[in-house]
Amino acid sequence: MDTSVKQSPEPPASPAPAAAAPSPAAYRNLVLATVGFALTFWAWNLIAPMSGDYKDRLGLSSFQQSFLVAVPVLVGSLGRIPVGALTDKYGAKLMFPLVSALTIVPVLLLIPAKNSYGAMLAVGFLLGLGGTTFAIGVPQVNAWFPPHKRGFALGVFGMGMGGVALSGYFTPRIAKHGDNLPSLVVAGALVVFALLGAVLISDHPDRKIPTDTLAHRLGEAGKLRVTWELSALYAIGFGGIVAFGVYLPTYLKTWYEMSPTEAGTKAAGFALVTVVFRPVGGWLSDRIHPAVVTSVALLLAALMAIVQAFEPPLNPVGTIALLAMAAGLGTASGSVFALVSQVTPQPKVGSVTGIVGAMGGLGGFVPPLVMGAIYSAKDSYAIGFMLLSDLALAGCVYTYGRMRNIQRDE
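Basis of the calculations
- Residues numbered from 1 in each chain as written.
- Predicted model: local features only at pLDDT ≥ 70, side-chain atom pairs only at ≥ 80, totals over all residues.
- Heavy atoms only, no water.
- Helix = DSSP H or I, 4+ residues; strand = E, 2+ residues; numbered from the N terminus.
- Rg over C-alpha atoms; globule rule 2.2 N^0.38 Å.
- Buried < 20%, exposed > 50% of the residue type's maximum accessible area, 1.4 Å probe, protein only.
- Contact = heavy atoms within 4.5 Å.
- Areas by Shrake-Rupley, 256 points an atom, 1.4 Å probe, with all protein chains shown as cover.
- Lys, Arg positive; Asp, Glu negative; His and termini not counted.
- Charge placed at Lys NZ, Arg CZ, Asp CG, Glu CD.
- Core = buried A, V, L, I, M, F, W, Y, C linked by side-chain atoms within 4.5 Å.
- Axes fitted to C-alpha atoms, helices over the stretch in contact; angles between N-to-C directions.
- Parallel < 35°, antiparallel > 145°, perpendicular 65-115°, else oblique.
- Left-handed = near helix turned anticlockwise from the far one by under 90°.
- 1 Å grid on protein atoms, 1.4 Å probe; cavity = no way out; pocket = protein on both sides within 12 Å on 5 of 7 lines; lining within 4 Å.
- Points joined across faces, edges and corners; volume = space filled by probe spheres on them.
- Nonpolar A, V, L, I, M, F, W, Y, C, P; charged D, E, K, R; others polar.
- Patch = residues over 30% accessible without salt bridge, like charges linked within 9 Å, V, L, I, M, F, W, Y side chains within 5 Å.
- Salt bridge = Lys/Arg side-chain N within 4 Å of Asp/Glu carboxyl O.
- Phe/Tyr/Trp six-rings, centres within 6.5 Å; stacked < 30°, edge-to-face > 60°.
- Lys NZ or Arg CZ within 6 Å of the ring centre and 35° of its normal.
- Arc of directions from axis to C-beta.

Colleague: Sorry, what's going on with the overall build of the chain here?
Modeller: Of the regular secondary structure elements, the chain holds 18 helices and zero strands. Compactness check: the chain gives a C-alpha radius of gyration of 22 Å against a globular reference of 22 Å for 410 residues, within 12% of the reference. By its C-alpha atoms, the chain is 90 × 45 × 35 Å across when sized along the principal axes. Per-residue burial for the chain yields a buried fraction of 56% across its 410 residues. Of all intrachain contacts in the chain linking residues separated by at least 6 positions in sequence, the fraction that spans at least 24 positions is 86%. Summing over all exposed atoms, the chain offers an accessible surface of approximately 16500 Å²; the carbon and sulfur share of this is 70%. A distance of 3 Å separates the average location of the 26 positive side-chain charges in the chain from that of its 19 negative side-chain charges.

This is the structure:
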């Protein structure tokens, strides 16, 4: 009588695991994208670790020094918008090697420009190109990995921002053996990567190629409300990382009276923590809603910024506060892009990534200028840290209140 009920569903016939497992090509592209991201970010950040030397050599004010450091950040940030959209159109196989090869030019131009502030600003403008590869790698990695692996994969790719840490640690040390040597080393590494990338990077075979114009794609991405919500969050998380990456050596040298090498080493440690915690943010976002992860991470960063605003001694309170802040910002930057992959239509990921990445970079452009101006006016950095805590708290509340229930906006 109840035979129909007893005809239970047939055992699942090997569902998605095999189909959903990333291929060897996915991991190959992830490794290449991460390495390329790290190298171009090192190039992008070549000026910051030596900014104290440029200040002394060229007789710069604190604001001029901050502006010199910030110019590549600004250009690299805005450049992500067209580069992300071009990646949607032409793919990472073309864009990654091309942008890496073009970055070699300003890296080498740093050599003849080093004795002129105007020339350094011009080269810094061109050096911003190295900061655009973020908008190439995110859609590339996003396309190769299934949804349940994307958070972690994007977090691993995000470790490429460790190029800032590499620059902070190695650039001053290499420069001790010759002023021009850092440029030559980085240019050589970019040549090798551009050649390898041209051969080994590949686009996903199912990649959808948009047929509309660049302006239309950017316009469509700009119409998505989530683009601007994610932009604001990324401006706080990644913007904080970039700001500290480029300004922390100056802050440590000025406030704690460290030598350039010691300040660069400490700043590299900060950047390394952000690098380690970025995949942690992605990994957690594969298991917990990325909005919750982002909210908690921003709360941690806000609390540590308040501690640092009271200008504690560096050992141990200042060191703990700065490293915990780095952990919070790194986790948030990983979880925000896990959120991007959840709520953005796949054909628009590059365009949305370009805009979100640009806003994140702009979030890193403003604070060094603000910190330099505040210190020049007040002989203190406390106001700058309190502003960071206010922004992080606002992002924490908004993320938890609004972003937990967000749906993919087609």
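More follows now that the structure is in view.
Colleague: Please clarify how the nonpolar core should be interpreted in this entry.
Modeller: Proteins that are soluble and globular tend to have nonpolar side chains buried together. The biggest cluster of nonpolar side chains holds 107 residues, and the ones touching the most others in it are Leu 230, Phe 244 and Met 325. The element best represented in this core is helix H16 (residues 314-343), accounting for 14 residues.

Colleague: Any chance you could explain the environment of Val 107 here in plain terms?
Modeller: Take Val 107: it is sitting in helix H6 (residues 92-113). In this structure, the C-alpha to C-alpha distance between Val 107 and Ile 320, residues 213 residues apart in sequence, is 34 Å. Residues contacting Val 107, with those up to four places away along its chain left out, are Ala 43, Leu 46, Leu 127, Ser 183, Val 186, Ala 187 and Leu 190.

Colleague: How should I be thinking about the packing of H6 against helix H8 (residues 134-144) in this particular structure?
Modeller: Geometry of a packed helix pair, given as the angle between the helix axes and the separation of the axes. Interhelical geometry of H6 versus H8 gives an angle of 150° and a closest axis separation of 10 Å. As judged from the angle between their axes, H6 and H8 are roughly antiparallel. For H6 against H8, the interelement crossing comes out left-handed. Here H6 contributes Ala 92, Met 95, Phe 96 and Val 99 to the contact with H8, which in turn contributes Ile 136, Gly 137 and Gln 140.

Colleague: Just to check I follow, could you spell out the environment of Ser 285 for this structure?
Modeller: Considering the arrangement of structural elements, one finds Ser 285 in helix H14 (residues 260-285). Once residues within four sequence positions are removed from consideration, Ser 285 is found in contact with Pro 290, Val 293, Ser 335, Ala 338 and Gln 342.

Colleague: Quick question: what am I supposed to make of the layout of surface pockets here?
Modeller: A water-sized probe, rolled over the atoms, reveals where empty space remains. Of the pockets and cavities examined, the largest pocket occupies roughly 380 Å³. Contributing to the lining of the largest pocket are 20 residues, with Ala 243, Pro 367, Gly 384, Leu 388 and Leu 391 lying nearest its centre. Every element with two or more residues in the lining of the largest pocket is listed here: helix H13 (225-255), helix H17 (349-378) and helix H18 (382-402). The biggest single contributor to the lining of the largest pocket is H13, with nine residues.

Colleague: Got a minute to help me understand H8 in this structure?
Modeller: It helps to recall that an α-helix has 3.6 residues per turn; residues three or four apart then point in one direction. A large share of H8 lies buried, amounting to 10 of its 11 residues. Taken together, the buried positions of H8 are Phe 134, Ala 135, Ile 136, Gly 137, Val 138, Pro 139, Gln 140, Val 141, Asn 142 and Trp 144.

Colleague: How should I be thinking about the packing of H6 against helix H11 (residues 181-200) in this particular structure?
Modeller: Interhelical geometry of H6 versus H11 gives an angle of 165° and a closest axis separation of 9 Å. Relative to H11, H6 is oriented roughly antiparallel. In this structure, the crossing between H6 and H11 has a hand that is left-handed. Residues Lys 93, Phe 96, Pro 97, Ser 100, Ala 101, Thr 103, Ile 104, Val 107, Leu 108, Leu 110 and Ile 111 of H6 pack against Ser 183, Leu 184, Val 186, Ala 187, Leu 190, Val 191, Phe 193, Ala 194, Gly 197, Ala 198 and Val 199 of H11. Looking at the contact of H6 with H11 residue by residue, the class counts come to 17 nonpolar, four polar and one charged.

Colleague: Help me out: how do you make sense of a nonpolar patch on the surface in this one?
Modeller: A cluster of nonpolar side chains, Tyr 90, Leu 94, Leu 98 and Leu 102, forms an exposed patch at the surface whose accessible area comes to about 370 Å². No other element matches H6, which puts three residues into the nonpolar patch. Structurally, Leu 102 can be placed in helix H6.

Colleague: Can you walk me through unusual backbone geometry in this structure?
Modeller: Excluding glycine, residues mostly carry a negative phi; peptide bonds, for their part, are mostly trans. That bond from Asn 315 to Pro 316 is cis: its omega, 0°, falls within 30 degrees of zero. Within the element layout of this structure, Pro 316 appears in helix H16.

Colleague: Mind showing me how you'd approach the packing of aromatic side chains here?
Modeller: Each aromatic ring pair is characterised by the separation of its centres together with the angle its planes make. Under the definition given, this model contains 12 aromatic pairs. With a centroid separation of 4.4 Å and an interplanar angle of 70°, the aromatic rings of Phe 37 and Phe 41 are classed as edge-to-face. Taken together, the residues Phe 37 and Phe 41, both in helix H3 (residues 24-44) and four residues apart, mark about one turn of the helix. Take Phe 37 and Phe 41: they sit in the same class, and that class is buried. Put simply, the rings of Phe 37, Phe 41, Trp 44, Phe 134, Phe 157 and Tyr 234 touch in pairs and so form one group of aromatic residues. The ring of Tyr 169 is capped by Arg 173, whose NZ or CZ atom sits 4.0 Å from the centre of that ring.

Colleague: How do you make sense of helix H7 (residues 117-127) when you look at a structure like this?
Modeller: For H7, the set of buried residues is Met 120, Val 123, Gly 124 and Leu 127. Projection of H7 onto a plane perpendicular to its axis shows the buried side chains occupying an angular sector of 105°, all on one side. Contact partners of the buried residues in H7: H3, helix H4 (51-58), helix H5 (62-90) and H6.

Colleague: Explain the pattern of salt bridges to me, please; I cannot follow it from the model alone.
Modeller: All told, the structure shown has six salt bridges when counted by the stated rule. For the salt bridge of Glu 220 with Lys 223, the shortest nitrogen-to-oxygen distance reads 3.1 Å. Of the two residues, Glu 220 and Lys 223 both sit in helix H12 (residues 214-223), three residues apart, roughly one turn of that helix. Residue Glu 220 is classed as partly exposed on the basis of its relative accessible area of 23%. For Arg 402, the salt bridge identified is with Glu 229, shortest N-O distance 2.5 Å. Taken together, the residues span a long stretch of sequence, with Arg 402 in helix H18 and Glu 229 in helix H13 at a distance of 173 residues. In this structure Glu 229 comes out as buried when scored by relative accessible area, which is 7%. A network of salt bridges, in which partner residues are shared, links Asp 53, Arg 57, Lys 114 and Asp 179.

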